[in-house]
Structures are given as C-alpha cells and as structure tokens.
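For reference, the chains in residue letters:
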Amino acid sequence: MNHPAVIAPVVTLDNHAFFFDVDGTLAAIQSRPDEVFIPSSVITCLQKLSVGCGNALALVSGRPLSELDALTAPLRLPLAGVHGAERRDVAGKVHCISLPDEVSKSVLQQLRQVLATLPGTLLESKGMAFALHFRNAPEYADEVQDLAEKMVMQFPQLVLQPGKCVVELKPKGVDKGLALHQFMQEALFSGRIPVFVGDDVTDETGFGVVNALGGVAIKVGQGQTQASFRMDNVEEVHRWLEKLTSQLHQDTTFIGKELR
Ligand SMILES: [Mg+2]
C-alpha cells in the first residue's frame, strides 16, 4: 500500500509558540467533566516545553480559568478559558467578557427547569457561558439541541457552540481563534510560528488563525477539520510532548500525519 508523502514541518522551541486545547487533547475525555485530569508526567512536559520556548505556551480551552489552573497545578500558564471569554495574558492580567446579571440569571433558571426533566443531562454554568452535557444521556441530544436553540433566539447576546456530547451557549463574538490571535500580539508570542493542537469543533476557529499565520494546526482524532495535520488520540499528543521536551533546543520533527 502506498502512503502519501508526508511533509514533516520541523517544530523548534526557538521558533514556535505552542497552544493546546485541554479536554480531548491533553486530557482524556471522562464521563463527567469534573473527572478529567492531566497526568503529572504531561504537566512536567508542559513545564519543560514552556521554559524551553521562552514561555510562549498557552492553553486555549472551553473550561473556566480556575479549572484550568487546578488541572495544571502547580503551573501558572497564560490561559484562554470559556472559548476565549476569559483570557489571562502573559503578564497575568485577566480579560473577561461577561453577560448582564439579569441575562445570566434568567438563562440559568430556564436551563435548570428544562434539564431537570431530562435525566442524565448535566448543566455546567461558567458565569458567562453554559454547557449542556448529554454524554450520559445521548437519547436527549435532540431535546438539548432544541433547548439551546430556543435560548439563543431569546437571548441575542448568546451563540451556540457545539461540541462532543455537549452544546454550549457562549457570548457572541467570542472564539478560540480570537483568543489565539490576541496571544500572538503579545511580546513573548509575536514573531513565533503558532502550533495549535485541538480536537473539537470549537478548535476550528483556532486552526483558521494558525493557518492564516503560516503555523501548524493539528487535529486530534477523527472528524472534518481545516487543520493540516492529525494525531490519532490523546496518547499520541502525550508521546509528541515527550519527544519535544526530550530534545530541548534541538530541531524536532513533527510526528503526526499530513491531511492534505
Ligand atoms: Mg477539546
């Protein structure tokens, strides 16, 4: 069987900036979001990589900043949380987009009411965004989707963010691509080539920004994507991190597969 020629971009700690999604990328998906963890060996790799690339490493996730800090303790990395609605920049300053209180309260109340009638679904409030999980109740996927669409029609400040076994309501104008772009304006990141690894629909805006900047966009797992490279699963991401950090300050060849 013939394999297409793979053009392996050389990723170096001196020239690249690194962005990682968390769930499904650095951490295996679990049945509940609060069961997710990043193995300590991977946190050690992130620390080495961050130091090795002059701290041009950030996480870009749908989780709130507080959860990202807890998942990566004792590290304190630049972070974008809630799909970019929260961002802690290189200097440690937090930029946050919020909803009017009355909107948050009303959305939360209505979501609670309906999801209480759909056993196994899980409501996660992030303050300015709301995740409607149905991983443990896939039979209610349509009902959850309908509910989310109704809320978006009722509250024009919100937009839908689909994901794996989850539908989220997030503030309009917020996405991972914008967060990544904002990081790339900062001194530690600018002038470097971005590498972004992510697994879900929400990561596509990030891949778009990375592609526009001539960077390396890596999709984890199956599914349509505008990323140019793919890794099979979280374990492959972990192996790649090990390889990158075991060759600090040496050129490291990318080990994923080219998509086109
Ligand atoms: Mg993910």
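Our subject is the structure listed above.
None of these values were measured; they are calculated from a predicted model.

Chemist: For this particular structure, what's the right way to read unusual backbone geometry?
Modeler: Note on backbone geometry: most residues besides glycine have negative phi, and most peptide bonds are trans. Note the cis peptide between Ala 73 and Pro 74, where omega equals 10 degrees. When you line up the elements, Pro 74 lands in the loop between helix H2 (65-72) and strand S4 (79-81). At Cys 165, a position not held by glycine, the phi torsion is positive, near 60 degrees. Examined against the element boundaries, Cys 165 turns out to sit in the loop between strand S9 (158-163) and strand S10 (166-171).

Chemist: Can you help me understand the layout of surface pockets in this one?
Modeler: Empty space among the atoms becomes apparent when a probe as large as a water molecule is rolled across them. Considered as a void within the structure, the largest pocket measures approximately 480 Å³ in volume. Those elements that provide at least two residues to the lining of the largest pocket are strand S7 (122-125), strand S8 (130-133), S9 and S10. At three residues, S9 tops the list of elements feeding residues into the lining of the largest pocket. Grouping the constituent residues of the lining of the largest pocket by class yields nine nonpolar, twelve polar and twelve charged. Structurally, the lining of the largest pocket is a two-domain feature, drawing no fewer than three residues from each of domain 1 (10-96 + 174-258) and domain 2 (101-171). Quantified by volume, the second largest pocket comes out at close to 180 Å³. Forming the boundary of the second largest pocket are 13 residues, of which Ser 50, Asn 55, Arg 76, Leu 77 and Pro 78 lie nearest the centre. Among the elements that make up the lining of the second largest pocket, the one with the highest residue count is helix H1 (residues 40-52) (three residues). Within the lining of the second largest pocket, the residues separate by chemical class into six nonpolar, four polar and three charged.

Chemist: What's the story with the packing of aromatic side chains in this structure? I'm lost.
Modeler: Two descriptors summarise a pair of aromatic rings, namely the distance from one centre to the other and the angle between the planes of the rings. Under the defined criterion, the tally for this structure stands at four aromatic pairs. On the basis of an interplanar angle of 40 degrees and a centroid distance of 6.0 Å, the ring pair of Phe 19 and Phe 183 is categorised as tilted. Of this pair, Phe 19 sits in strand S2 (residues 16-20) while Phe 183 sits in helix H5 (residues 176-184), and the two are 164 residues apart along the sequence. For the pair Phe 19 and Phe 183, a shared accessibility class is recorded, and that class is buried. With a relative accessible area of 0%, Phe 19 lands in the buried category.

Chemist: Explain the coordination of the magnesium ion to me, please; I cannot follow it from the model alone.
Modeler: Put simply, a metal with four donors set out as a tetrahedron has ideal angles of 109.5 degrees, and one with six donors set out as an octahedron has ideal angles of 90 or 180 degrees. Listed as protein donors to the magnesium ion are Asp 21 (OD), Asp 23 (O) and Asp 199 (OD); their distances from the metal cover 2.1 Å. Read in sequence order, the donor residues for the magnesium ion give the motif D-x1-D-x175-D. Within this pair, whereas Asp 23 is found in the loop between S2 and H1, its partner Asp 199 is found in the loop between strand S11 (193-198) and helix H6 (204-212), the two being separated by 176 residues in sequence.

Definitions and limits used
Residues numbered from 1 in each chain as written. Predicted model: local features only at pLDDT ≥ 70, side-chain atom pairs only at ≥ 80, totals over all residues. Heavy atoms only, no water. Helix = DSSP H or I, 4+ residues; strand = E, 2+ residues; numbered from the N terminus. 1 Å grid on protein atoms, 1.4 Å probe; cavity = no way out; pocket = protein on both sides within 12 Å on 5 of 7 lines; lining within 4 Å. Points joined across faces, edges and corners; volume = space filled by probe spheres on them. Nonpolar A, V, L, I, M, F, W, Y, C, P; charged D, E, K, R; others polar. Domains from an automatic or database assignment. Phe/Tyr/Trp six-rings, centres within 6.5 Å; stacked < 30°, edge-to-face > 60°. Buried < 20%, exposed > 50% of the residue type's maximum accessible area, 1.4 Å probe, protein only. Donors = N, O, S within 2.8 Å, 3.2 Å for Na, K, Ca; no water.

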